[in-house]
Amino acid sequence: LLGFPGILNLPRGAVSRWDSKPSALRDLARDQVPRHVAIIMDGNSRWAERRRLPRTIGHERGVNALRGVVKCCVAWGISTLTVFAFSQENWGRNQAEIEELMALVETAMREELPLLVKEGVRVEVIGDLSKVNEGVRSAVTRAMEATKDNDSLRLVVALSYGGRQDIVQAAKTLAQKVADGEMRAEDIDEAALSAHLSTYDARAATNEIDFAQAPDLLIRTSGEQRLSNFLLWDLAYTELYFAQMFWPEFGEAELRRALYAYAKRDRRFGGRT
């Protein structure tokens, strides 16, 4: 899952972890670097199991991996990072693991907030938050409010999220608007549906702020090669990169490899060069 370990009582060394800067990307033009990277952070539990460690240790190490990726995105000019923290389907896991994950989300949101503010990271959380506990909702609300004016990186955390469910909810909203006479059925197009998804950012869509809407690059760790109901609408023309390592092992070096692999892709969006 997520990975951020202090608020107010920051652990020793937390600031130095953020103050260290990744080395620069070399030999890549600005237009070769994706503006929006999405990541399915997979393999925390398996990483821990293979080392005969508690599952919670794997999730905590996943925290460290995410922090490192956030730092790289800020340093390399990636404007939006969307990460899959917890899916709608994950509610089917055993209650003990769900409680562990939710406790980690709440702790991460609270403890890392001062550093996210310092780095200019804007936090957004998408998904069905009605299912999470009040502690998590409170931490999420506080993080989003405290960072809403930041513009160095848009960090979107998909929590209790499902791509199919997001599309269904957008369709219901549009149907209600038609029923209420606010719009006509023939006015519904791709742009209209996109504008009613939880992933939509009006300021990015109108270029009011330099955040990218649809992901340019999707990374999934742990060797799995599927989308798992993540950003199904938004990933229509996204480049895919599958890393063999588990998420706790993912860091600057592998992210750099993913970006160089992306730079070699020929993105035609259905047309021809």
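What you see is a predicted model, and the numbers here were worked out from it, not measured in a lab.

Caption draft 1: Fine view of the side chain of Thr199. The topology assignment puts Thr199 in the loop between helix H8 (190–194) and helix H9 (202–205). Looking at Thr199, the relative accessible area reads 9%, which means it is buried. In this view, Thr199 contacts Ile126, Arg154, Tyr161, Asp166, Gln213, Leu231 and Asp234; residues no more than four positions away in its chain are not counted.

Caption draft 2: Examining the sheet that holds strand S1 (residues 36–40) more closely. An order of S3-S4-S2-S1-S5-S6 is seen for the 6 strands of this open sheet, with the pairing classed as parallel. Looking at the sheet topology across the chains shown, the edges are occupied by strand S3 (121–126) and strand S6 (239–242). Averaged over all adjacent pairs, the angle separating strand axes in this sheet is 20°, with direction ignored. In this sheet, strand S4 (residues 153–161) lies alongside S3 in parallel orientation, the contact comprising 6 bridges. Residue pairing in the sheet places Val125 in a bridge with Val157 of S4.

Caption draft 3: Molecular detail of the packing of helix H3 (residues 55–76) against helix H10 (residues 252–263). Across the interface, H3 lies against H10 with an axial gap of 10 Å and an inter-helix angle of 50°. Our classification of the angle between H3 and H10 gives oblique. Helix-helix and strand crossings are classified by hand; for H3 and H10 the assignment is right-handed. Residues Val69, Cys72 and Trp76 of H3 form the contact with H10, whose own contacting residues are Glu252, Leu255, Arg256 and Leu259. Along the lines of polarity and charge, the residues of the contact of H3 with H10 split into 5 nonpolar, no polar and 2 charged.

Caption draft 4: Up close: the confidence of the model for the protein. Predicted confidence across the protein gives a mean pLDDT of 89, with 90% of residues reaching 70 or more. Throughout residues 1–16 the model reports pLDDT below 50, and contacts reaching past four residues in sequence, or to other chains, amount to 57 contacts.

Caption draft 5: Quick peek at unusual backbone geometry. In this model, Arg52 sits at a positive phi of 55°, which is unusual for a non-glycine residue. Along the chain, Arg52 falls in the loop between helix H2 (44–50) and H3. Residue class for Arg52 comes out exposed when judged on its relative accessible area of 81%. Residues other than glycine seldom take positive phi values, yet Ser160 does so here, at roughly 55°.

About the criteria used
- Along each chain, numbering runs from 1 in the same order as the chain's sequence is written.
- Predicted model: local features are reported for residues with pLDDT of at least 70 only, side-chain atom pairs are reported and counted for 80 or more only, and whole-chain, interface and lining totals are derived from all residues.
- Each side-chain value is worked out from all heavy atoms of the structure, with water and hydrogens disregarded.
- Think of it this way: any DSSP run of H or I at least four residues long counts as a helix, any run of E at least two long counts as a strand, and we number them from the N terminus.
- Burial here depends on accessible area, computed with a 1.4 Å probe over protein chains only, as a share of the maximum for the residue type. Under 20% is buried, over 50% is exposed, and the range in between is partly exposed.
- What makes two residues a contact is simply this: any of their non-hydrogen atoms within 4.5 Å.
- The pairing criterion is simple: DSSP has to find at least two bridges between the two strands.
- Between N-to-C directions, angles cover 0 to 180 degrees, with each direction set by a line fitted to C-alpha atoms, over the stretch in contact for helices.
- For this classification, under 35 degrees means roughly parallel, over 145 means roughly antiparallel, 65 to 115 means roughly perpendicular, and everything else is oblique.
- By convention, the crossing between two helices is left-handed when the near helix turns anticlockwise from the far helix through less than a right angle, and right-handed when the turn is clockwise.
- Here the nonpolar group is Ala, Val, Leu, Ile, Met, Phe, Trp, Tyr, Cys and Pro; Asp, Glu, Lys and Arg are the charged ones; every other residue, Gly included, is treated as polar.
- The score called pLDDT rates the predictor's confidence residue by residue, from a low of 0 to a high of 100.

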